[in-house]
Structures are given as structure tokens and as C-alpha cells.
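Remarks on the overall topology
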Amino acid sequence: MTTFSNDPVVSVRNATIYQDENAVLKDVNFDIEKGEFVYLVGRTGSGKSSLLKTLYADLKLQVGAIYTGGFELKDIKSKKIPLLRRKLGIIFQDFQLFHDRTISENLYFVMKATGWKERSKMKARLTEVLMKVGLGAYLNKMPHQLSGGEQQRVVIARALINEPILLIADEPTGNLDPAVADGIHQIFLDINNSGTAILMATHDHRLINANPARVLKCSNGQLLDSKSEKFDLTDSQ
Ligand SMILES: Nc1ncnc2c1ncn2[C@@H]1O[C@H](COP(=O)(O)OP(=O)(O)OP(=O)(O)O)[C@@H](O)[C@H]1O
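Described below are features of the structure shown in this document. All values reported here derive from a predicted model rather than from experimental measurement.

1. Notes on the environment of Ala137
- Within the element layout of this structure, Ala137 appears in the loop between α4 (119–132) and α5 (148–160).
- Its relative accessible area of 70% is what places Ala137 among the exposed residues.

Structure, rendered in C-alpha cells:
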């Protein structure tokens, strides 16, 4: 699909976000521009994960229009979903590494699944993304030999492999100590500084206050946007 250099990476118009037949968020409207950093907040159960899942076509879009990375999500064909996901980096709170494979085997797996073929190019890219997250020397380690923060860095490296235009992160520091969370957050800021847009769900107001950026807030079935209105962050933990 054709994308133009100034198109937003995400564009949402009058969308309703559903879990089964329950509308979790109604009349959702926002754009995320190339290179933007956006936090997503809201109380537990307010719809953050449901919104993110809809953006990467894990939940079906039933009402409204969403474009992510140039793909129209309404009625998207299932064979196009892997192509959409290749344009995105998706990161969750729980590190989903294969525990019986080394770090490099974990990354090779994703590369093969997304069409990489040449071993020398794969090795170069793998080394490059691991360096970006400060784990250049960890290629042959097993996941259990890494701390939680290091495992999350590997997951971030894996998400960077195909140079995504948007990183979608669902509470990526949720299970980490504050100091480790700060280190992971700094990696997201560095990635963002090099031009990748980031949409990050978080409950951590400490991180938001230390690194302010635009905030989307799920509240009472609506999505509020700090770009167009003022709201209180303190009641969204
Ligand atoms: N798999 C599911 N099937 C049915 N309902 C679900 C499912 N997952 C979540 N829900 C419901 O959808 C609503 C929104 O949940 P969601 O997980 O999007 O919230 P959240 O803001 O991400 O919460 P948290 O901060 O706890 O992760 C809640 O009422 C929840 O119970």
C-alpha cells in the first residue's frame, strides 16, 4: 500500500473499540504523526490494551476507520495482517522470548518469519539492534541468564529489526524496578529521537512527569487527548 512521507502513522476516526460485543471506548479520534511520542493512560480496565490491540488488528475494528502504517484496518484481510505487523514493533509487559533458544536464535526466528534470507545481512542487523539496546555481547546467552530488564531490552531489539514506523508498547516497564524502568524508558526515548513514533501504555506517572509528552487518556468510555484538552493524570493509576 502506498504511504506518503507526511501521512500520520496512525489515524483513527469515529472508532468504537470493542471486546466481544461490549463497547470499551466510543467515538475515538486521534492521529499520531511520524516521530511523535505519545503516552496512553487510564485506570485498569479502561481500555488501553483493547485500543492497542485494535491498532495492530488483534481485535477487529467494527465501527469507524483506522489507518495504521498505511493499512486500512476495517475489513483487513487476514493475509495482510503480517504485513501490517511488520511495519510496527509490538512490546508487552511480559517478555515473550523463547526460553529454549539463545538471544540470537530468538532474533533470527523473527527475521526468518519476516522474510530475511541472507545470513550475513541478518547477522549485521541482529548485532546492530542488540547494540542499540546496550546488549552487544549477549548474542549467545539464554534468556534465563538475563535479568528482567535485560530480557525486556532483547524484546525491544527484536521489535526494532524491521525498522518499524511505530512502536506500540503495552506497559513495557510494568514489572520492573524503578531504576531498571528508567533505563528501559531511556531506550524508548533514544529510539524516538532517531525518528520512530512511540505509543506507550503506562501506569507510571513518575516516568511521564520526568519525560513529558502528549498523553491520551481512557476515561469513562472516552479517549481524551492532551493535545486538545486539559485533564488530570492523577486519577488514572
Ligand atoms: N479477552 C477479553 N475478553 C473480554 N473482555 C475483555 C478481554 N480483555 C479485556 N476485557 C475487558 O475489556 C475492558 C478493557 O480492558 P483492557 O484490558 O483494554 O483495559 P486496560 O486499560 O488495558 O487495563 P490494564 O491497565 O489493567 O491493563 C475491561 O472491562 C476488561 O474486563
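From this point, the narrative continues.
2. Focus on unusual backbone geometry
- In the Ramachandran plot, Asp20 falls in the positive-phi region, its phi being about 50 degrees despite a non-glycine side chain.
- Summarising the element assignment, Asp20 is placed in the loop between β1 (10–19) and β2 (22–32).
- Classification of Asp20 by relative accessible area gives exposed; the value is 62%.
- Even without a glycine there, the phi angle at Glu163 is positive, about 45 degrees.
- If you trace the backbone, Glu163 turns up in the loop between α5 and β7 (166–170).

3. Looking at the side chain of Asp170
- Here Asp170 lies in strand β7.
- It turns out Asp170 is buried and unbridged, and the closest side chain with the opposite charge, Lys53, is 6.4 Å from it.
- Of note is the side chain of Asp170, whose polar atom sits 2.8 Å from the side chain of Ser49.
- With near-sequence residues (within four places) excluded, Asp170 lies in contact with Ser49, Leu52, Ile91, Phe92, Gln93 and Ala201.

4. Quick look at the sheet that holds strand β9 (residues 214–219)
- Spatially, the six strands line up as an open sheet ordered β6-β7-β8-β3-β9-β10, and their pairing is mixed. Every other strand in the sheet has two partners, leaving β6 (88–91) and β10 (222–225) as the edge strands with one partner each. Strand-to-strand, the axes of this sheet are offset by a mean angle of 15 degrees, without reference to chain direction.
- Here helix α6 (residues 178–193) sits on the sheet and contacts β3 (37–42), β6, β7 and β8 (197–201); the angle it forms with β8, its principal contact strand, is near 150 degrees.

The rules behind these values
- Residues numbered from 1 in each chain as written.
- Predicted model: local features only at pLDDT ≥ 70, side-chain atom pairs only at ≥ 80, totals over all residues.
- Heavy atoms only, no water.
- Helix = DSSP H or I, 4+ residues; strand = E, 2+ residues; numbered from the N terminus.
- Buried < 20%, exposed > 50% of the residue type's maximum accessible area, 1.4 Å probe, protein only.
- Lys, Arg positive; Asp, Glu negative; His and termini not counted.
- Salt bridge = Lys/Arg side-chain N within 4 Å of Asp/Glu carboxyl O.
- Polar contact = N/O pair within 3.5 Å; in protein donor to acceptor, adjacent residues only side chain to side chain.
- Contact = heavy atoms within 4.5 Å.
- Pairing = 2+ DSSP bridges.
- Axes fitted to C-alpha atoms, helices over the stretch in contact; angles between N-to-C directions.

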